[in-house]
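Architecture at a glance
Listed here are the chains, written in short residue letters.
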Amino acid sequence: MKAYDQSKIHFPPFIGLLFWIAASLPLVLVALLCAAFLWLTPVRASDLACTGTDLVEAMKTSDPIRYAALEKEAAAVPNGNGVFWKVEKAGLKPSYLLGTMHLTDPRVLKMPAGA
């Protein structure tokens, strides 16, 4: 039986390049991760400034009639001041919800069927 001579196996030149790329990939990924961490800076609350305008406060002086109508509409919302809710269904333990929803846009308030 003839012995197999491994020295006679020849790979195309690009195979060696593929091996080097595959071997260096983890090192490249670690280097990119380190560069990303060095590039990032922490965000501080003092760096951010609220530049918004309170439109309701502005409405009090600029359009008092419209503001009064807005207050009247808000007062007519059922349970408009509730922040702690008990959700019950027969046969199930009650659930509790703490929170508020500060939107009056009908597109947002309309619940889908089954909700």
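On a predicted model such as this, the values are computed, not experimentally measured, just so you know. (Residues numbered from 1 in each chain as written. Predicted model: local features only at pLDDT ≥ 70, side-chain atom pairs only at ≥ 80, totals over all residues. Heavy atoms only, no water.)

Details of the overall build of the protein chain
Helix and strand counts for the protein chain stand at 4 helices and 2 strands. What you see in the protein chain, going N to C, is helices and strands ordered as α-α-α-β-β-α. When burial is assessed residue by residue, the protein chain has 3% of its 115 residues classed as buried. Element-wise, carbon and sulfur atoms account for 67% of the exposed surface of the protein chain, whose accessible area totals about 11500 Å². (Helix = DSSP H or I, 4+ residues; strand = E, 2+ residues; numbered from the N terminus. Buried < 20%, exposed > 50% of the residue type's maximum accessible area, 1.4 Å probe, protein only. Areas by Shrake-Rupley, 256 points an atom, 1.4 Å probe, with all protein chains shown as cover.)

What to know about the packing of helix α2 (residues 55-62) against helix α3 (residues 64-75)
Between α2 and α3, whose axes approach to 6 Å, the crossing angle comes to 125 degrees. Our classification of the angle between α2 and α3 gives oblique. From α2, V56, M59, K60, T61 and S62 reach across to α3, where they touch P64, R66, Y67 and L70. The residue inventory of the contact of α2 with α3, partitioned by class, reads 5 nonpolar, 2 polar and 2 charged. (Axes fitted to C-alpha atoms, helices over the stretch in contact; angles between N-to-C directions. Parallel < 35°, antiparallel > 145°, perpendicular 65-115°, else oblique. Contact = heavy atoms within 4.5 Å. Nonpolar A, V, L, I, M, F, W, Y, C, P; charged D, E, K, R; others polar.)

Re the environment of L70
Structurally, L70 is set in helix α3. L70 sits 14 residues away from V56 along the chain, and the two C-alpha atoms are 9.3 Å apart.

Let's talk about the pattern of salt bridges
Taken as a whole, this structure holds 2 salt bridges when the rule is applied. Here E57 and K60 are joined by a salt bridge, their closest N and O atoms 3.0 Å apart. Taken together, the residues E57 and K60, both in helix α2 and 3 residues apart, mark about one turn of the helix. What makes K60 partly exposed here is its relative accessible area of 36%. (Salt bridge = Lys/Arg side-chain N within 4 Å of Asp/Glu carboxyl O.)

What about the packing of aromatic side chains?
In this structure the tally under the stated criterion is 1 aromatic pair. Measuring from ring centre to ring centre gives 5.7 Å for F84 and Y96, while their planes differ by 10 degrees; the resulting arrangement is stacked. Placement of the pair is F84 in strand β1 (residues 84-87) and Y96 in strand β2 (residues 95-98), with a sequence separation of 12 residues. For F84, a relative accessible area of 56% corresponds to the exposed category. (Phe/Tyr/Trp six-rings, centres within 6.5 Å; stacked < 30°, edge-to-face > 60°.)

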